[in-house]
Amino acid sequence: LSLFVSISVIPMFSKQLYTMRVTRAIEIKEHKKGILVKIGNGLMSLMMFLLRNVMRNWVTRLATILLLTSSAVVIAYALFPKMEYLPQGNRNFVINILIPPPGLSYEERKEIGESIFRSLKPYFFKDHNGYPGIKNMFYVGSPDIMLFGLNSIHEQRAGELIPLCQRVINNLPGIFGVSQQAGIFQTRLGRGRTINVDISGADINQLVQVGGTMFGIIGREIPGSQVRPVPSLELLYPEVKIVPLRDRLKSAGMTAQSLGVAIDVLLDGRKIGEFSQEGEKKIDLVLKSPDTEVTSPEDLYDKPLATPMGTIVPVSSLAKFVKTTGLTQIRHLERNRTVTLEVTPPFSITIQEAMEIIKQKVVPALEAQGMLKNVDIRLSGTADKLVETRKALQFNFLLAAVITYLLMSALFGNFIYPLIIMFTIPLAGVGGFIGLKLVNLFIAPQPLDVLTMLGFIILIGVVVNNAILIVYQALNNIREKGMDYKEAIFDSVRIRLRPIYMSASTSIFGMLPLVVAPGAGSELYRGLGSVVLGGLAISTIFTIFLIPSLLMFVIRFEKRGKLSE
C-alpha cells in the first residue's frame, strides 16, 4: 500500500504544493539552515572524504573489502549466542509439581496440602518479606499426581514467587519438586522450557539406577536446574498383582482375559455399549459394581463371580493376590522401557547450552562409569523442537537470500551486480548480533529464540535497498550521462547518501520503542527489534564504503554512454 501511495499520491501532492505561492516562502527559509541541516551537511562531507580515501587505488579498495567482510564474519562468530526455543513470557502463573515418597495415604496427602497453605498464608493478598502477594492458589493431591499452583496480585511479578515455592517444598519431609513459571506458549503440564532426557532399555532396575545417577550429575553440572523424573526413580510404590490360576479358570470355563474383564467391571467398570437418541449425543453404557462394594484389595479378593458353568465362586478361588512394589506408570519408547528426566535449566542458561552440557559432560560421565551398557539415552521434547526449528530457519534464511538474489538479477539483467549487493547481508548479520548483545548488556537478558531469529530473515529484504540505490544510480551515471567510472560512483553516493540516511534514521528511531520500551509483552518482540535495528544501523554505515569498493572492480566493463549536454 505504501508503494502505491509513493508512486501515485506523493507525486501529485508534491506538484500541487510546489506550484502554490508558498513555494517562494519555503525557498526563502531554505537559506536559513537549521542546526540539523548543518550537522547533516557536515556528516555528508565527512563520509565523502572517507570514501575518496577508501577509493584512492585498488589496494585501498581491496583492503576495505577484506577488512569489512572478515571483520563481519569474525565478530558474528564471536557474538553468536546460544539458542533458546520460544520466549518464556511473563505469565502470571507458577506451577509446582511434587514428587512424593511411595505409599502416601489420603490423610497424608491432605495434610501436605494443608501444610502448604499454612506456610503461604502470610502472603495471601499482600506483599510479605520481599515477595509479591498471592492472589489465588490451588492444590491437587491425587494418587496419580501432586501439585499446587498460584498467581500473584502483581501481574508482572509472578516469577518472583518461585524461590518462595521451592523453599516451601524443601520443608516438606521426603518430598522434592519442580517450580516453574508457566510459559505463554506452554500447553501441557511441565512441558514448558524443559529438556526431556529419555533413558531406555530392557531392565527397569538398571534404568532407575542410571536415572538416579544422572539426576545428581545434572544438578552438579547445571547449577540451579530443576529435574523431574517421569514416572519416578522409586521402585517402592505398593501394588497388588492379580495372578490367574489357569487350571481353576479352565475348570470354571473361563480364561485369563474373561477374568480380567470381570475384575474390570468390579473396579472401574466396563463399557458394554452406547445409548443414542436422534439429535442427542451418544451416552456410554458402563457396567460396574457400586463404588462402596470394593474399597480395598481384600474386598476385591472376596467378591463373588458368576462363571459360564452357572456357578458362583469368589475371586480368591480363581486367582491369587501378590503384594509387591513397582512404578506408578509403565512407559515405553520404541518398545523399550523408559524413564524420563525433565530438566528445566535456570534462565541464565539457554536450552542449547543445557543440551550441550548433557551431551558433552553428563553422558560421558555415565559412560566412564560403565553404566550405559544396554541403555540408550536421547534428548527429546523442547530439545527436538529446537533442532527442527533451527534447521527450518536456516533453510528459510538461505531461501530468502536466493530469492532476493534471483529477483535482483532479473531486474538488473546481470548476475554480477546483485552479487555485489548481497555483500551487505554479512554486515547486517553482524549488526544484528551486536544489537542483541547490547540489549543483553544494557536493557534486559534476551536469548536468541525463534522470534529473534526471524529478524535475520527480515533483514535480508531490508538492508539490500541502500546498496540497490547506489548501484542503480552509478549505472545510470555511466550509461545515460557518460560519466567517468570512479566519478560516477562518487556522484551516486553523494546523491543517494542523504536519502539513505534519512530513511535509515526514520526506520531506526521508529523501531527503537520495540527495544527500549518496557511493559507487558516486551520480552516477545525486544529481540526481533534489536536484530533488525542493529543490522540496519551497521549495514547503513558501512555499505557506503563496501559497495563502491566492490563496484569499482566490475563497473569498468560497462559501456559509457554519450556525454550529456
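Everything below is about the structure printed above this text.
Residues numbered from 1 in each chain as written. Predicted model: local features only at pLDDT ≥ 70, side-chain atom pairs only at ≥ 80, totals over all residues. Heavy atoms only, no water.

Draft legend 1. Highlighting the overall build of the protein chain. Helix and strand content of the protein chain: 17 helices and 15 strands. Within the protein chain, the proportion of its 565 residues that are buried is 41%. A separation threshold of at least 6 residues defines the contact pool for the protein chain, and within that pool the share at least 24 residues apart is 74%. With an accessible surface of roughly 31,700 Å², the protein chain has 61% of that area assigned to carbon and sulfur atoms. (Helix = DSSP H or I, 4+ residues; strand = E, 2+ residues; numbered from the N terminus. Buried < 20%, exposed > 50% of the residue type's maximum accessible area, 1.4 Å probe, protein only. Contact = heavy atoms within 4.5 Å. Areas by Shrake-Rupley, 256 points an atom, 1.4 Å probe, with all protein chains shown as cover.)

Draft legend 2. The nonpolar core, seen in detail. Counting 99 residues, the largest nonpolar core has M214, I358, I377 and I555 as the members making the most contacts within it. Here this core takes 13 residues from helix 15 (residues 450–479), the largest share from any one element. Excluding residues that lie within four positions of it along the chain, M214 makes contacts with V197, I199, L341, V362, L366 and I377. Core analysis: the next-biggest nonpolar cluster, separate from the first, contains 22 residues, Y123, Y131, L161 and L164 among them. (Core = buried A, V, L, I, M, F, W, Y, C linked by side-chain atoms within 4.5 Å.)

Draft legend 3. The side chain of S492, seen in detail. Tracing the backbone through its elements, the reader meets S492 in helix 16 (residues 485–516). Classification of S492 by relative accessible area gives buried; the value is 0%. At a separation of 3.4 Å, a polar atom in the side chain of S492 contacts the main-chain amide nitrogen of A474. Those residues in contact with S492, other than ones at most four positions away along the chain, are L469, I470, Q473, A474 and N477. (Polar contact = N/O pair within 3.5 Å; in protein donor to acceptor, adjacent residues only side chain to side chain.)

Draft legend 4. The arrangement of the layout of surface pockets in detail. In this model, the largest pocket occupies a volume close to 890 Å³. Together, 34 residues line the largest pocket, and F347, N440, P445, Q446 and P447 are the ones closest to its centre. The greatest single-element share of the lining of the largest pocket, amounting to 5 residues, is contributed by helix 14 (residues 424–442). Residue classes in the lining of the largest pocket are distributed as 15 nonpolar, 11 polar and 8 charged. (1 Å grid on protein atoms, 1.4 Å probe; cavity = no way out; pocket = protein on both sides within 12 Å on 5 of 7 lines; lining within 4 Å. Points joined across faces, edges and corners; volume = space filled by probe spheres on them. Nonpolar A, V, L, I, M, F, W, Y, C, P; charged D, E, K, R; others polar.)

Draft legend 5. Up close: the sheet that holds strand 1 (residues 94–99). Read from one edge of the open sheet, 4 strands run 2-3-1-4, paired in antiparallel fashion. Since the sheet does not close on itself, it has two edges, and those belong to strand 2 (134–141) and strand 4 (176–181), each with one partner. When the angles between neighbouring strand axes are averaged without regard to direction, this sheet yields 15°. Examined bridge by bridge, strand 2 and strand 3 (residues 146–152) share 7 bridges and lie antiparallel to one another. Its bridge partner lying in strand 3, F138 is registered against G149. Running over the sheet, helix 6 (residues 162–170) touches strand 1, strand 3 and strand 4 and is turned about 170° from strand 4. (Pairing = 2+ DSSP bridges. Axes fitted to C-alpha atoms, helices over the stretch in contact; angles between N-to-C directions.)

Draft legend 6. Representation of the pairing of strand 1. With 6 of its 6 residues buried, strand 1 lies for the most part within the structure. Residues V94, N96 and L98 line one face of strand 1 and the alternating positions I95, I97 and I99 line the opposite face, and both faces are buried. When strand 1 meets strand 3, the two strands line up antiparallel, connected through 5 bridges. Bridging from a neighbouring strand, N96 pairs with F148 of strand 3. Note: strand 1 against strand 4, 6 bridges, orientation antiparallel. Directly across from V94, in strand 4, lies its bridge partner Q181.

Draft legend 7. Focus on the packing of aromatic side chains. A full pass over the atoms with the stated rule returns 10 aromatic pairs. Pairing F93 with F138 gives two aromatic rings, centres 6.3 Å apart and planes at 20°, and the pair type is stacked. Separated by 45 residues along the polypeptide, F93 in the loop between helix 4 (58–79) and strand 1 and F138 in strand 2 bring together distant segments of the chain. For F93, a relative accessible area of 24% corresponds to the partly exposed category. With 4.8 Å between their ring centres and 40° between their planes, F433 and F456 make a pair best called tilted. (Phe/Tyr/Trp six-rings, centres within 6.5 Å; stacked < 30°, edge-to-face > 60°.)

Draft legend 8. Local environment of a nonpolar patch on the surface. Among the surface-exposed residues, I35, L36, I39, L43, L46, F49 and L50 lie close enough to one another that they form a single nonpolar patch of about 740 Å² accessible area. Relative to the helices and strands, I39 resides in helix 3 (residues 35–54). (Patch = residues over 30% accessible without salt bridge, like charges linked within 9 Å, V, L, I, M, F, W, Y side chains within 5 Å. Salt bridge = Lys/Arg side-chain N within 4 Å of Asp/Glu carboxyl O.)

Draft legend 9. Representation of the environment of A262 within the structure. Considering the arrangement of structural elements, one finds A262 in helix 9 (residues 256–266). Overall, the relative accessible area of 18% leaves A262 in the buried class. Separated by 43 residues in the primary sequence, A262 and L305 place their C-alpha atoms 7.6 Å from one another.

Draft legend 10. Structural view of unusual backbone geometry. In the segment running from V230 into P231, the intervening peptide bond is cis, with an omega of 5°. Looking at the secondary structure, you find P231 in the loop between strand 6 (226–230) and strand 7 (237–244). Its identity as a non-glycine residue notwithstanding, F125 has a phi of 65°, on the positive side. Within the secondary structure layout, F125 lies in the loop between helix 5 (106–120) and strand 2. Taking relative accessible area as the criterion, F125 reaches 61% and is therefore assigned exposed. Look at E334: it is not a glycine, yet its phi comes out positive at around 55°.

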